[in-house]
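Per-entry structural report
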Amino acid sequence: MLSVKDYDSGVENSWCPGCGNFGILASMKDALASMGIPPEKVLIISGIGQAAKTPHFIKSNFFHALHGRALPLATGAKIANHELAVLVNSGDGDCYGEGGNHFMHAVRRNIDITVLVHNNKVYGLTKGQPSPTSDEGMVTKIQSDGVISETFNPLSVALALGAGFVARSFSGKPEHLSRIIQEGIKHKGFSLIDILQPCVSFNHVNTFEWYKKRVYDLFEEGYLPDDFNRAMELSRVWGDKIPIGIIYKKDKPSYTDKIKTLQNGTLLSGEYLSEKIRRAIESL
Amino acid sequence: MSIDISVKIGGGAGQGIQTVGDILARVCLKYGLYLMAINDFESRIRGGHSFFQIRISDKPVNAPNHKINLLLALDKKSFDLHKKELVKGGLCLMEQNDASSDKNIIGIPFLELAKESGGKITSNIVAAGACLALLGAPFEIIRTVIAEGFASKGDDIIEKNLNAAKAGYYAAGKIPFKYAFRWKASKPKGILIDGSKALSLGALAGDCRFAAFYPMSPATGIMAHLAAVSNDFPLVVEQAEDEIAAVNMVIGASFAGARAMTATSGGGFCLMTEGLGLSAITETPIVIINAQRPGPATGMATRTAQADLLFVINASQDEFPRFVFAPGSPAEAFETTARAFHLSDKYQVPAIILADQYLNDSLFIADKALKAPGKIKKFIVGDKDLKNPAEYKRYLLTNSGVSPRALPCSGKALVMVSGNEHREDGHSSESIRTRIGMVDKRNAKAAKMLSEINPPEIYFPRSKILLAGWGSTKGAIREAVDMLRKEKISAGCVSFNDLWPFPAAAAKKAFLACEKFYMVEQNSTAQLGRLIREQTSLSYSGTVLKYDGRPFFPAEIADGIKKNMR
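Residues numbered from 1 in each chain as written. Chains lettered and ligands numbered in written order. Predicted model: local features only at pLDDT ≥ 70, side-chain atom pairs only at ≥ 80, totals over all residues.

Before going further, it helps to spend a moment on the domain arrangement of chain B. Residues and elements named next belong to chain B. The domain architecture assigned to chain B consists of domain 1 (4–172), domain 2 (193–365), domain 3 (383–451) and domain 4 (457–565). Distance from the C-alpha centre of domain 2 to the C-alpha centre of domain 4: 26 Å. Across the boundary between the two partners, domain 2 contributes 24 residues, which contact 23 residues of domain 4. Mapped onto the side of domain 2 that touches domain 4, the elements with two or more residues apiece are helix 11 (309–314), strand 12 (323–325), helix 12 (330–347), strand 13 (350–356) and helix 13 (357–361). Its residues assigned to classes, the side of domain 2 that touches domain 4 shows 15 nonpolar, five polar and four charged. (Domains from an automatic or database assignment. Contact = placed C-beta atoms within 7 Å. Helix = DSSP H or I, 4+ residues; strand = E, 2+ residues; numbered from the N terminus. Nonpolar A, V, L, I, M, F, W, Y, C, P; charged D, E, K, R; others polar.)

Have a look at this one:
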């Protein structure tokens, strides 16, 4: 039996005390231990940002890469060895801002990875600028008259692009989050988990208490995530009540399921075909 | 008498210039002639002006000629644009209705003959037949090439095209042409190949398993060739959403253990530079082909250039070792690409190959056999190779700078990689000792990397003057040297394939042995000349630079050198 302790990396944590990231980290460890996936079988890819530091704090194989580029990097790793369990830790700026284009196309590819977006609706690492998910009107040092742009809605966007697993959770509900992460890992295909998370240093609007009052669990309501139109409607619910849980789930072949070359094993397991190359040259 | 004939086929995009060119090339190849051909086109799908220019000889040819013997003008514009290039006694073949009374013009009713034989669409085949008849080619060989070329389209299509070729052949058969020659059959002199195909085959020979790209001229052909064979090999080719995604996918795939590459042109390479740095700091091997075209920004999409040398040597912030190569022919492109995969893997560094539109889109007869290695040497460790896998450190400090590389999830060894500066175990660190240690570790690879670098190839080393160039211009520069030597000028040339780490000692030795050396490059500031000066303290005496987007002609290089010598 694995315990959460088996995932301790021994690296000193650098998040602010009280940061929502701690809840996400704990839920990840719990989910992996519950599923019996040992550290050496986990591959975590991350971009840049406070969220992207996560893999340093969880014993695993990892690649802490560039800002916004975790998804293409994870895509390449998954194609090279589609037997790997690949998780991505990203943030609202990393995934929906700098990496917005990659987000769209990773959803379209339906690459089988589980993407955890630590959504604190603000830029933490660069100290308090608004992110794509910041509420319209949010006042910051730079946007002193308030944020002008509309709020980015990752759930609606993912649904519109055909995502087969769209979920939202809250860092303040560790059991709920652990369960959603497990469901995301089990899902064959692109799994988006947008995780609401307070930023104690820079977001004084969407606080722990603010969320605590608003979130409600769809599962407890008996919601079935199998209707696209209902899911689309639900993805737009935001205000006094904020739904959390699996918004939509649909099984379909993932990217690597559709590539002929990969049906007899991973790219790594294929033989080097010197003779065949010689014939290709001769046929010119 | 030796044969050296150039035929230019000009017309609008979509008129079937490629098909005519391909038939001419295959006929010559099958008959044992040497040939090379360039493709000149605009960034459009229909209309405009394009041409295919083939040079046919009984001796090896590796550059285009500036003069033409026969012009096949599929439209009127082609005659107006290129009539000045015709040699004395040269002819222009064109549609009878468009033909003027110019004495060099032979009008043939291509369209009329096409309608009678294979249908309107075959008028370019009529023209090909006429062209080959003028050159004196036997019809039997044309029949064979057409039957092979249209084999996949069925007997009816073959028949129609054969009839069209025959109609053109007999319409032009009796016309006297000063440059017709006796066709003597012999064995093909090698395989017919363009740079794109050579690069893609080189990638296969280097055990490339994953390739990601975003379409960009003139690099797309490489990926098209790879994609075409991806079901026959353990290979996945993915069209990414942009070049940034492409390079990061390649890094991800390589990290997980698949040799991986991307191909782009200068603009796409600009977008990849942050990824290049990520490959460097994480010591993840990758191969990038930059098929150069004139820039900056969009520049000229379908033209050729050699102006990215100093850029790719220095691209990305901060400093790190890398390999940079620039093959001088398709055979070199094949070898160099396979070697780039090997060396990138061995030293865990990025390797960049500089190709260009001229190399990628031109047809050559490969001057040596392309041979894939029998097996691939791997540079990966697993638990069984490690004393204590649980203590594995991806960035273990070693004298060579190269650390044992394990793959993620392949055993007990945890592979931890960070684009932040990191400790030996891969966790981020900003400690002074760690930072200095890691920079020194990465730089330590350079010495051994240099020992892998081939010296430049020298043609007539004991000459008074040397022409120096790099990459695809090799063929044109060598021919220019031959021309100069015919005029009793003691000239040779130095051709660089391996450019970084720079082979400074070999370069210095070569240039110290001559009286003067001149830079011949397709950029406006003599980038290799500047690099040579930086690396050897030796300065060139003059330059022949061409940056109009068109490939070098040997004669213009020879003329440029003579001007320099005056």
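All names here are of chain B. What the seven strands build is an open sheet, ordered 9-8-10-11-13-12-19; its pairing is mixed. If you trace the sheet from one side to the other, it starts and ends with strand 9 (236–239) and strand 19 (498–500), each paired once. Shown here is a sheet whose adjacent strand axes are inclined to one another by a mean of 20°, direction ignored. Relative to strand 11 (residues 286–292), strand 10 (residues 260–264) runs parallel, the two sharing four bridges. Pairing of Ala263 across the sheet is with Ile289, part of strand 11. Each of strand 11, strand 12 and strand 13 touches helix 12; the most contacted strand, strand 13, lies at about 165° to it. (Pairing = 2+ DSSP bridges. Axes fitted to C-alpha atoms, helices over the stretch in contact; angles between N-to-C directions.)

Listed by partner, the interface residues are 43 residues for chain A and 56 residues for chain B. Mapped onto the side of chain A that touches chain B, the elements with two or more residues apiece are strand 2 (61–64), helix 2 (70–80), helix 4 (100–109) and helix 9 (274–282) of chain A. Element by element, the count of residues in the side of chain A that touches chain B is highest for helix 2 of chain A, at eight residues. Two strands pair when backbone bridges link them, and strand 2 of chain A and strand 15 (residues 416–418) of chain B are joined in this way by three bridges, in the parallel orientation. By the bridge assignment, A:His64 is partnered in strand 15 of chain B with B:Ser418.

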